[in-house]
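Residues per chain are reported as follows:
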Amino acid sequence: MNGLDKVVPDPAEAVADIGDHASLAVGGFGLSGNPMVLIEALLAQGASGLSVVSNNCGVDDWGLGLLLGAGRLAKMTSSYVGENKEFERQFLSGELEVELTPQGTLAEKLRAGGSGIAAFFTQTGVGTQVAEGGLPRRYHPDGTVAVASPAKETRTFDGAEYVLEDAIRTDFALVHALRGDRTGNLVFNKSARNFNPLAAMAGRVCIAQVEELVEPGELDPDQIHLPGVFVHRVVGVGTGIEKRIERRTTRTEG
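Residues numbered from 1 in each chain as written. Predicted model: local features only at pLDDT ≥ 70, side-chain atom pairs only at ≥ 80, totals over all residues. Heavy atoms only, no water.

> Before we move on, could you go through the overall build of the protein chain and cite the residues and values that matter?
Of regular secondary structure, the protein chain possesses seven helices and 13 strands. Here the protein chain has a C-alpha radius of gyration of 19 Å; the compact-globule value for 254 residues is 18 Å, and the two agree. Across its three principal axes, the protein chain shows a C-alpha extent of roughly 55 × 50 × 45 Å. Expressed as a percentage of contacts within the protein chain between residues at least 6 apart in sequence, the contacts between residues at least 24 apart total 73%. Of the roughly 12200 Å² of accessible surface on the protein chain, a fraction of 48% belongs to carbon and sulfur atoms. Distance between charge centroids for the protein chain: 1 Å, based on 23 positive and 33 negative side chains. (Helix = DSSP H or I, 4+ residues; strand = E, 2+ residues; numbered from the N terminus. Rg over C-alpha atoms; globule rule 2.2 N^0.38 Å. Contact = heavy atoms within 4.5 Å. Areas by Shrake-Rupley, 256 points an atom, 1.4 Å probe, with all protein chains shown as cover. Lys, Arg positive; Asp, Glu negative; His and termini not counted. Charge placed at Lys NZ, Arg CZ, Asp CG, Glu CD.)

> A description of the packing of aromatic side chains should follow, citing residues and the corresponding values.
The full count for this structure, using the stated rule, is four aromatic pairs. Ring geometry for F91 versus Y139: centroids 5.1 Å apart, planes at 65°, classification edge-to-face. One end of the pair, F91, is in helix α4 (residues 85–93); the other, Y139, is in strand β6 (residues 136–139), with 48 residues separating them in the sequence. In this pair, the class of F91 matches that of Y139, namely buried. Relative to Y162, the ring of F157 has its centre 5.4 Å away and its plane inclined at 85°; by these criteria the two rings are edge-to-face. An aromatic cluster is defined as three or more aromatic residues linked by ring pairs; in this entry it consists of F121, F157 and Y162. (Phe/Tyr/Trp six-rings, centres within 6.5 Å; stacked < 30°, edge-to-face > 60°. Buried < 20%, exposed > 50% of the residue type's maximum accessible area, 1.4 Å probe, protein only.)

> Hey, could you go over the side chain of R137 for me, with residue numbers and the actual values?
Mapping R137 onto the fold places it in strand β6. Here R137 falls in the buried class, since its relative accessible area comes to 14%. For R137, the residues in contact, after removing those within four places along its chain, are F91, L96, E97, V98, E99, V147, A148, S149 and P150.

> Account for the pattern of salt bridges, with residues named and values stated.
Under the criterion given, the structure shown has 16 salt bridges. With a closest N to O distance of 2.8 Å, E86 and R89 form a salt bridge. Of the two residues, E86 and R89 both sit in helix α4, three residues apart, roughly one turn of that helix. What makes E86 partly exposed here is its relative accessible area of 22%. When the shortest N-O distance is used, the salt bridge between E99 and R137 registers 3.3 Å. Of this pair, E99 sits in strand β4 (residues 97–100) while R137 is found in strand β6, placing the two residues 38 residues apart along the sequence. (Salt bridge = Lys/Arg side-chain N within 4 Å of Asp/Glu carboxyl O.)

> If you had to explain the nonpolar core to someone new, which residues and values would you point to?
One finds I18, L24, L50, L73 and L174 to be the most contacted residues of the largest nonpolar core, which totals 35 residues. Counting residues per element, this core draws most heavily on helix α2 (residues 36–45), which supplies six residues. Excluding its chain neighbours within four sequence positions, the residues that come into contact with I18 are L24, L42, Q45, A47, L50, F172, L174 and I207. Counting residues in each nonpolar core, the second largest holds 24 residues, with A107, A199, L226 and V231 among its members. (Core = buried A, V, L, I, M, F, W, Y, C linked by side-chain atoms within 4.5 Å.)

> Tell me what's going on with the sheet that holds strand β9 (residues 160–166), and back it up with residues and numbers.
Reading across from one edge, β5-β9-β8 is the order of the three strands in this open sheet, with antiparallel pairing throughout. The sheet terminates laterally at β5 (119–122) and β8 (154–157), the two strands that pair on one side only. The sheet shows a mean angle of 35° between the axes of neighbouring strands, taken without regard to direction. Relative to β5, helix α5 (residues 103–115) is tilted by about 155°, and along the sheet it contacts β5 and β9. (Pairing = 2+ DSSP bridges. Axes fitted to C-alpha atoms, helices over the stretch in contact; angles between N-to-C directions.)

> Give me unusual backbone geometry: which residues, what numbers.
Generally, phi is negative for residues other than glycine and the peptide bonds are trans, each holding for most cases. With phi around 50°, D158 is a residue other than glycine that occupies positive phi space. Its location among the elements puts D158 in the loop between β8 and β9. Phi is positive for K190, close to 50°, though the residue is something other than glycine. By the element assignment, K190 lies in the loop between β11 (186–187) and α7 (196–202). Under the relative-accessibility criterion, K190 is labelled exposed at 69%.

> I'd like to hear about the pairing of β4, residue by residue, with values.
Bridge count for strand β3 (residues 73–78) against β4 is four bridges, and the pairing is parallel. Opposite T77, over in β4, you have E99 as the bridge partner. Handedness of the crossover is the feature at issue here: the chain leaves β3, passes through α4, returns alongside β4, and the resulting connection is right-handed. (Right-handed = clockwise from strand over helix to strand, strands pointing away.)

So, in structure tokens, the structure goes:
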């Protein structure tokens, strides 16, 4: 790459230096906006023992479920995990550590990490095990709790109690964007914008797959959702990639 040009030739090269036991923030909201080309490249690359932060873990045969099914994940930090049977099996059998986090808190933890904010106070989780500790994170094979969440600091502001949440920073981020230019400026499409920009911010090295790769200056500055300062590698994947969640229908009015 020369100068500000962050384009790499293929997904395999983009993820080549993600090593065993790396931490990753991965974009996607349900099955919307999953960086599938990068996930598949990482699956082929073989890194294991990964700690992944993402809103959810896909389903058994899609999204992060591919890495999960291959036994590549050691820990998931998520807010929603209810549609993946293999996830349930691995968690309850003690193979996978899981840190459940309220969705808004997870979003803010990623944003804070990318903004240089070490921690923040929030009312979300006050009076529950989120703040008081004791949520199972890992089980023994016999079903007893091996690791539980710790208690968190709480503090009162203006008469209301708040809990302290640490920001999240990861070694890498994998994200999907609708459009991107060669310097890393990104535009996301609708629901795919929910977690992809936040995941991108949290990664010390952000790798973005983009459907439409354009030249610098072709994106309207007012339409850019994430500036290129947060993005380190860009891979063009084309518009023909499979998207499980998207469907276009027509209806004839009667």
